[in-house]
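Examining the three-dimensional arrangement
Each chain is listed here by its residues.
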Number of protein chains: 2
Amino acid sequence: MEAPVREKARIFRFGNKTADGSKNMKNLLGGKGANLAEMSRIGIPVPPGFTITTEVCTEYHTNGKEAVIKVLKKDMENGISFIEDIMEKKYGDPENPLLVSVRSGARKSMPGMMDTVLNLGLNDEVVAGLIKKSNNERFVWDSYRRFIQMYGSVVLGMKPDAKEDTDSFEEIMDKLKEKRNIKLDTEFSVQDLKELVRDFKKVVKQRTGHSIPSDPWEQLWNATMAVFDSWNGNRARYYRKIHGYPSDWGTAVNVQAMVFGNMGDNSATGVCFTRDAGSGENVFNGEYLMNAQGEDVVAGIRTPQQITKLGSKRWAELAKVDEKERVEKYPSLEELLPSLYAELDEYQKKIETHYRDMQDMEFTIQEGRLWILQTRDGKRTGTAMIKIAVDLLKEGLIDQKEAIMRIEPMKLDELLHPVFDPDALKKAHIIAQGLPASPGAATGQIVFFADEADKFKNSILVRVETSPEDLEGMNIARGILTARGGMTSHAAVVARGMGKCCVSGAGALNIDYKQRNMVVGEKEYHEGDWISLNGSTGNIIEGKVATVEPELSGELAEILELSDVFSTMEVRTNADTPKDAIAARNFGALGIGLARTEHMFFGQDRIRAMREMILADTRNGRRRALQELLPMQREDFEGIFEAMQGLPVTIRLLDPPLHEFVPHELAQQKELAKEMHISVKAVKNKVDELKEFNPMLGHRGCRLGNTYPEITEMQARAIIESALNVKERGIDVKPEIMVPLVGTLKEFILQEKIIRQIADKVFTERNDRVDYLLGTMIEIPRAALTADEIAIHAEFFSFGTNDLTQMVFGYSRDDVGKFLPVYYEKGILMTDPFEVLDQEGVGQLIRTGIEKGRSTNPKLKIGICGEHGGEPSSIEFCYQAGMDYVSCSPFRVPIARVASAQAAIKHKKETV
Amino acid sequence: MEAPVREKARIFRFGNKTADGSKNMKNLLGGKGANLAEMSRIGIPVPPGFTITTEVCTEYHTNGKEAVIKVLKKDMENGISFIEDIMEKKYGDPENPLLVSVRSGARKSMPGMMDTVLNLGLNDEVVAGLIKKSNNERFVWDSYRRFIQMYGSVVLGMKPDAKEDTDSFEEIMDKLKEKRNIKLDTEFSVQDLKELVRDFKKVVKQRTGHSIPSDPWEQLWNATMAVFDSWNGNRARYYRKIHGYPSDWGTAVNVQAMVFGNMGDNSATGVCFTRDAGSGENVFNGEYLMNAQGEDVVAGIRTPQQITKLGSKRWAELAKVDEKERVEKYPSLEELLPSLYAELDEYQKKIETHYRDMQDMEFTIQEGRLWILQTRDGKRTGTAMIKIAVDLLKEGLIDQKEAIMRIEPMKLDELLHPVFDPDALKKAHIIAQGLPASPGAATGQIVFFADEADKFKNSILVRVETSPEDLEGMNIARGILTARGGMTSHAAVVARGMGKCCVSGAGALNIDYKQRNMVVGEKEYHEGDWISLNGSTGNIIEGKVATVEPELSGELAEILELSDVFSTMEVRTNADTPKDAIAARNFGALGIGLARTEHMFFGQDRIRAMREMILADTRNGRRRALQELLPMQREDFEGIFEAMQGLPVTIRLLDPPLHEFVPHELAQQKELAKEMHISVKAVKNKVDELKEFNPMLGHRGCRLGNTYPEITEMQARAIIESALNVKERGIDVKPEIMVPLVGTLKEFILQEKIIRQIADKVFTERNDRVDYLLGTMIEIPRAALTADEIAIHAEFFSFGTNDLTQMVFGYSRDDVGKFLPVYYEKGILMTDPFEVLDQEGVGQLIRTGIEKGRSTNPKLKIGICGEHGGEPSSIEFCYQAGMDYVSCSPFRVPIARVASAQAAIKHKKETV
């Protein structure tokens, strides 16, 4: 049934299973008002009330209070009498008083930004009457105390957060608690509460010059106007500015009957879920407390009881409570009040079916009458999210597209990494906070040197920062903790690639390698001490915390398969080893978008040859050293090609500056000198010579390939030879050779020439050939700006958005930690641009690059291989920008598959 | 007289003071052919000849040799007989032989890229006849030897530069010289030359299988075709590719009578200038040698004599030759052959008037007959360039615009800086080469530490690199030499600002601070040793070299004033001190486009307060330290405002990362700790904490102003207070406050808010106000990409193209020296993008920034303050992109004024 549309209605009533409004009227009624109307409309017993529209808010701000009262008076009286009829009480009647609440509600939720006043309708006379009627003196005085406090704060401006003001109410209560030697509000006696009411009234008068009006209608009007005023309060204005909400939206005001769960043994309050929020299982569940208010559940003094019998039995088992004790002390609502339970069960089914998602509901039973206070989509774990989506699909409540859209892709992370045992976590002592650089949980003993990572069975590698030399140790350690570096620092990027837990940039750590300790605040931690890392939150925890390994569910596989049906963008992976490649394929990667060849140069035998090359002063000397690296590199590529079984593999030529490969500590330099039969001074000189002020902007990428073409020659040969070798074994190969850090057309052309010549030479030598693509990273702004030229020669583009972001923002991702926290705090940045692609700036350049690239080469294949390739909002951007694929670390592949499908569903007119 | 236009003419004749072509026919006749025609057409006696058109070259490459000979035969015969008639000789006639040359000539000069054959028409028989006729056996055999050598190389392909080949001819000559124990070609006897001819013929036959044809016509055809072929030779193709010349231009071929200045005492050869190329003085001058060929002048065995009597007398005075000896041994041409001199003088006047510029001419007198071989615009010094342009303007030969366009702006540099005495320079021993970072010449004693720059009266500061701490020492030293860093390294930028000579990035230097020496190759230089630097060439010279101070001429002032008439873009300066500001105003700067405030923090008393601020852990601690800096900073600004007398002054807020202000050496850290009463460890920790991986992309610019707003507050207060103070003294002030390194709108808004609040506060305190502008640097790519947003708030943009170039290319300007030399060599880059603005990439982003900025703020004032603001081609770009002003270092202001005028003249339809 549609609500009747009325001309310029100022209030919309709800209650008694009918409503003037519906959920589609959020602009007029605000989110809360529309939702209350909707529930009532579908037959849910919500406490009756009415919504004053957002238009009235605008009228108020334009025409003023008097004008609004004039036009609204009749409506308001109608509204109240509507509530009175349903509640069978009268507003302001001491014999049978109705209490109401006044709440804000804008079209978008603005949590905590505007005001609320509860328990309107109370005054000394009504209090007396209500005590008589309810026979619950404590409840009434406590309600009165709360009303005065809220009215004083909201309507009379005694805001606790006003700078010049201390919170007078809290002060008074604190003093009384001290006097009584109690801690909790609930410990106040009736006498105490009376005293508080008296003191509150006094302080209000004293501080504001006003008394709390005893006229309920004056209370109502003033509270309503105060809520309208709060729309233009500082907090709300700031919140709107940040979120870009226009100020002419206005807020609605909801006037609603108060209901109380603490009015005796036929009253209760509770929270319930239509399905299990942890597992997703389709069982109704929840908790309640007899004769209690909502906040009593939160306070945790009484143990809440389970709503269903099944839930109660399960709880008893865990809590080791025997059946007899359970039934006696902790009966379920189902058992205790079967008919009210049946009613609740009916409503939860109705609500879930109506909202077509798992709901989180609040209810109150007042003197044997059930009221549903609120329903909303329930928060859930990643596991539950998947299971519920699949179940709802199977139950026919949602269709395939909706099932996919129900997934929050980032939540899949939980399903793929170990997590801390939630119980163990409760006792955890968090000693510091870093960046959540790579998800998962890890617990282990501290080591400070990568080559000692195997010193303990479970080690946590703690470094100021990591470098490529540390790779092997990082692989052995359970988790990685660094004091410096952002979300895309070396440690973070490598750890994510490995699917290993990492917390980076924990500035509070003072690491002393010599002493082998770290100081955090006052406390010292030594090598061998146990710590735990939460890579999903950035928490650093003292001691051991038990972890739980994740289990992959069949439902996840179903969602991923379904995603692939809708997805039009390929998902590849960034993988440098056959192991990573296989992991990524298991997660559904359709190719490798980035295989970094430099990671292959750090093995014990390889680094020696690499250093020999770097130390050589002549081209021939370098060629000799490269000759040693050739077979190893070839072997690496063969492994990857075999693992990928005919899927495309993009191999990036050597990228990092050479100083990353030479030892920076004297002992190692000495060793190297001995090994190479040269003087230590020669080694030191070379290391010094390689030092750079800004290595990020230095001699690396194709700048190396162009100054030392022999490196490119070796790598091209290794790629082509390995491809032919694998082909000989009957396995299809699709190599894609990627030139890094191109900024000018000629840089690419010169590299292209070398690679094509070597390839042709190898084809001739082997009398066999293999198709390959030759393309480039677009990671230098200039490359994007001149993409039309570069695309004439390049067969594919892969946007390297890590470096592109660094250069477009002028941020070094290793140093950004110094000011990023302040930038978040001040609202300069909302998200880390290295994590969430900056669509406005970096994205603009990407769009330019794609447009220009395709303008000269319509067949150009375009993808992304920066960290953003695994971040949902960035993936959506990639889709809209017209990319062919995204590439991300193996553990992000499932996320990217879902995000890619969501982008297609969201933006494509016609889907499969 | 216009040359008659003929249908599809294949040859164009010139000689006897007539011509078929003219200088406007360069596309058809090539540059050389058109110019020879032009000279002949205006009555200059050039050796007669004809030009085979570029179209024939294309025909040749399309249809082949035979086809071309067929259509060209009659023309060729006509052409030769035209020459024969004028020269009164016959081609191939042993009795009275005509010799000709065959030369290439494309529409644009491609020096050395194509081929030439001289002395065609010689064979054994002709040689005998010519000897009889000339009575000069040596001359004839030498000519024959040369002919065979050139024909063998060019026509028969015995190229000396062909890889498989050694130069057989040179080999033979070298052997004979060894045998005869002589060194120069001129020392060969007639007998030797005969022997060479014999051996040359033999080696040609032996190596190519062909003999030198004795038929002069066969020689002519083959030589012509060989020149056509050279159009598609490797060298020419490469040259065309680099310069973007299309291959269908083709080359013309010039066949011209040979004339000889070495045919006896009525023969001579010489070079002359219509004005003095050194001073610009309007006096005809030049040198000649009797009975000689052009190359004899070059060989330097005989002292050339002056052409004019005036010149001869001046020469004698300098050479300390008395008048008698002069007249006897070194008479001028004017004195020796007065009528030929008169003829030459008539021609030089005619030619200069015709070409309307100072000309550099070559002439030969053969047996009493004067031939002008070539004329071209003469190379000249900066001084001469200015004087000649102004004189030509006054003489009415050129108009104002032309006078301005005649200036090569970069050559003005010479006029503003000391230069080496050219004579002293001849003996200079160059020990290494760096980058010409800041022009001028300097000679002094080596110091390795900035704070010891005053150790010698004239010191040269030699550093691996410089840092802001070195500023004072740099100012004291005569010149600065660094081993690292590019054209826009700290040393280079600061030195140019100071107008001080600097050579940077001299990689060959091995500096050892401990030993206080530097090793270059095998040689060691110690503190106190004399060296000299040429900042205009990058040469590093051993020992003292005398320098000459420049004198500013009135003509320069005239050109600059004239430039301002045409210029529409303002020229400002980058200046941080009143001294620089005054220097720049004297050069004509109309404001300061960039005053860097950080340079003001390095004085002895200031750095202490600055360090105190950095070491403070609390906002209040920082405020206290800043409070100490405030009066000093205010004083700085007052000095600058006063110096600029009402011209606009753009002040940039603190830009560099804080670690530039703290000491990095232990001794200084200890001192600081003592001074601040804190532990050395605390100082070290702070210094470590400030360390960055990529400081260029780190915590600097408005990132500082936003994390430490108190810095911006202090600077804003200093600017506004100083402006009010200066205003009170009756001096107009126009402050423009510039926020550096903005990348997001909010960064600017937050800084804007602070600055406006402080300004309003100061206005209230002082009960006075001053107008000021508030704008930003556009130096982060993202700022250019989001310029439309930023321009809503900013009142001006100043493109910081140094940083913008770093980020658009991804080059650290301090590290780029590692690969830039290779990049030039390989043609990846043609120019240093930090010197010459990259219009394609960086320029594209600038255009985007300007367009977007003006789209939301049409009144936006836009300028540039990077190093490019003083580089002519970049200034032209700035004009075209629509900037309002350019700002450059004081010594570049005159250059920028001229370049700005040239841009306006070149690109504006309507000028004043």
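Throughout, a residue's number is its position along its own chain's written sequence, starting from 1. Labels follow written order: the first chain is A, the first ligand is 1, and so on. A pLDDT threshold of at least 70 governs which residues receive local features in this predicted model, and a stricter bar of 80 or more applies before side-chain atom pairs are shown or counted, although totals over entire chains, interfaces and linings include all residues. In computing side-chain properties, one takes all heavy atoms of the structure into account and sets aside hydrogens as well as water.

For chain A, the name recorded in an unreviewed UniProt entry is Pyruvate, phosphate dikinase, with Gramella jeungdoensis as its organism. UniProt positions are given in the numbering used here, feature names are shortened, and annotations may be inferred rather than shown by experiment. As recorded by UniProt, the Sequence similarities (unreviewed entry) comment attached to chain A reads in full: "Belongs to the PEP-utilizing enzyme family." We quote the UniProt Cofactor (unreviewed entry) comment for chain A here in full: "Mg(2+)".

1. Structural notes on unusual backbone geometry
All names here are of chain B. One non-glycine residue, N16, lies in positive phi territory at about 60 degrees. Numbering of helices and strands runs from the N terminus, with a helix taken as a DSSP run of H or I at least four residues long and a strand as a DSSP run of E at least two residues long. Residue position: N16 is located in the loop between β1 (11-15) and β2 (18-19). By relative accessible area, N16 is classed as exposed at 54%. Notably, N291 is not glycine yet its phi reads approximately 45 degrees, a positive angle. Relative accessible area decides the class of each residue, using a 1.4 Å probe on protein chains only: under 20% of the type maximum gives buried, over 50% gives exposed, and in between gives partly exposed.

2. A closer look at the pattern of salt bridges
Residues and elements named next belong to chain B. Here, a salt bridge means any side-chain nitrogen of Lys or Arg that lies within 4 Å of a carboxyl oxygen of Asp or Glu. Inspection of the entire model under this criterion finds 133 salt bridges over all chains. For the salt bridge of R275 with E352, the shortest nitrogen-to-oxygen distance reads 2.8 Å. Within this pair, whereas R275 is found in the loop between β9 (268-273) and β10 (285-290), its partner E352 is found in helix α14 (residues 338-355), the two being separated by 77 residues in sequence. The exposure classification of R275 matches that of E352, with both residues buried. Here E736 and K861 are joined by a salt bridge, their closest N and O atoms 2.9 Å apart.

3. Structural notes on the sheet that holds strand β30 (residues 734-739) of chain A
All names here are of chain A. Spatial strand order, β27-β28-β29-β30-β31-β32-β33-β34: eight strands in a closed barrel with parallel pairing. Taking each pair of neighbouring strands and ignoring which way they run, the sheet shows an average axis angle of 25 degrees. Here the rule is simple: two strands pair whenever DSSP picks up at least two bridges between them. Note: strand β27 (residues 570-574) against strand β28 (residues 592-596), two bridges, orientation parallel. Residue pairing across strands places T573 opposite I592, the latter belonging to β28. For helices, the fitted axis covers only the stretch in contact; all axes are lines through C-alpha atoms, and the angles between them, taken along N-to-C directions, range from 0 to 180 degrees.

4. Remarks on helix α9 (residues 234-243) of chain B
Residues and elements named next belong to chain B. For α9, the full list of buried residues reads A236, Y239 and R240. Down the axis of α9, the smallest arc covering the buried residues is 100 degrees, so these residues share one side. For α9, exposure combined with an orientation more than 90 degrees from the buried face picks out N234 and K241. Directions drawn from the helix axis to the C-beta atoms are what define this arc.

5. Overview of the confidence of the model for chain A
As a per-residue measure, pLDDT reflects the predictor's confidence and takes values from 0 up to 100. Of the residues in chain A, 97% have a pLDDT of 70 or more, and the chain-wide mean is 91. Contacts: residue pairs with any heavy atoms within 4.5 Å of one another. Ignoring residues within four places in sequence, the model shows residues 1-6 of chain A, a span with pLDDT below 50, making nine contacts including any to other chains.

6. Notes on the pairing of strand β29 (residues 648-652) of chain A
Residues and elements named next belong to chain A. Of all the five residues making up β29, five are buried; the element is thus mostly covered by neighbouring parts of the structure. Going residue by residue along β29, you find P648, T650 and R652 tucked away on one face and V649 and I651 tucked away on the opposite face as well. Pairing between β28 and β29: three bridges, direction parallel. Bridge pairing links R596 to R652 in β29.

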